[in-house]
Amino acid sequence: MLCTRIRTALSARLDGEELPPGLTARRLETHLADCRECRRWEAQSRALTAGLRRAAGHPEDVDDPAAADALLARLRPASVRPGPVSPGRADSGGKRAG
């Protein structure tokens, strides 16, 4: 079985969703037992999800869209802030001034 299909199933399971059609929990576990890379991917995904839940301050609200919105709101200002613009250094649309 393709690892991409397994990782899609792992993501669904981690999000509390149903497994993709044709893939059973037993097949998933069998693949994980034999595939070190997919086990590593699952461990990293679990760690990322847990970290995001802690960062959101709502580890118990895993299915709450408001918790996701709150996390995004906290992350967005830090990543969207424009840098300082020096006087006389306004954007010239890619053209050289002068």
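Quick note: structure is the one above.
As the structure is a computational prediction, the values presented were derived from the model and not from experiment. (Residues numbered from 1 in each chain as written. Predicted model: local features only at pLDDT ≥ 70, side-chain atom pairs only at ≥ 80, totals over all residues. Heavy atoms only, no water.)

**Details of helix α3 (residues 36-56)**
For α3, with 21 residues, the first-to-last C-alpha span of 30 Å sits near the 30 Å given by 1.5 Å per residue. What α3 keeps buried is the set Cys38, Glu42, Ser45, Thr49 and Ala56. End-on view of α3: buried residues confined to an arc of 65°, all on one side of the axis. Exposed and oriented more than 90 degrees from the buried face of α3 are Arg36, Gln44 and Arg54. Directly after α3, the chain includes Gly57, whose backbone phi takes a positive value near 75°. (Helix = DSSP H or I, 4+ residues; strand = E, 2+ residues; numbered from the N terminus. Expected span 1.5 Å × (residues − 1). Buried < 20%, exposed > 50% of the residue type's maximum accessible area, 1.4 Å probe, protein only. Arc of directions from axis to C-beta.)

**A short note on the packing of helix α1 (residues 3-14) against α3**
Direction vectors running N to C along α1 and α3 enclose 30°, while the axes themselves pass 10 Å from each other. It follows from the interaxial angle that α1 and α3 lie roughly parallel. Taken as a pair, α1 and α3 cross one another with a handedness that is right-handed. In this structure, α1 contributes Cys3, Ile6, Arg7, Leu10, Ser11, Arg13 and Leu14 to the contact, and α3 contributes Glu37, Cys38, Trp41, Glu42, Ser45, Arg46, Thr49 and Arg53. (Axes fitted to C-alpha atoms, helices over the stretch in contact; angles between N-to-C directions. Parallel < 35°, antiparallel > 145°, perpendicular 65-115°, else oblique. Left-handed = near helix turned anticlockwise from the far one by under 90°. Contact = heavy atoms within 4.5 Å.)

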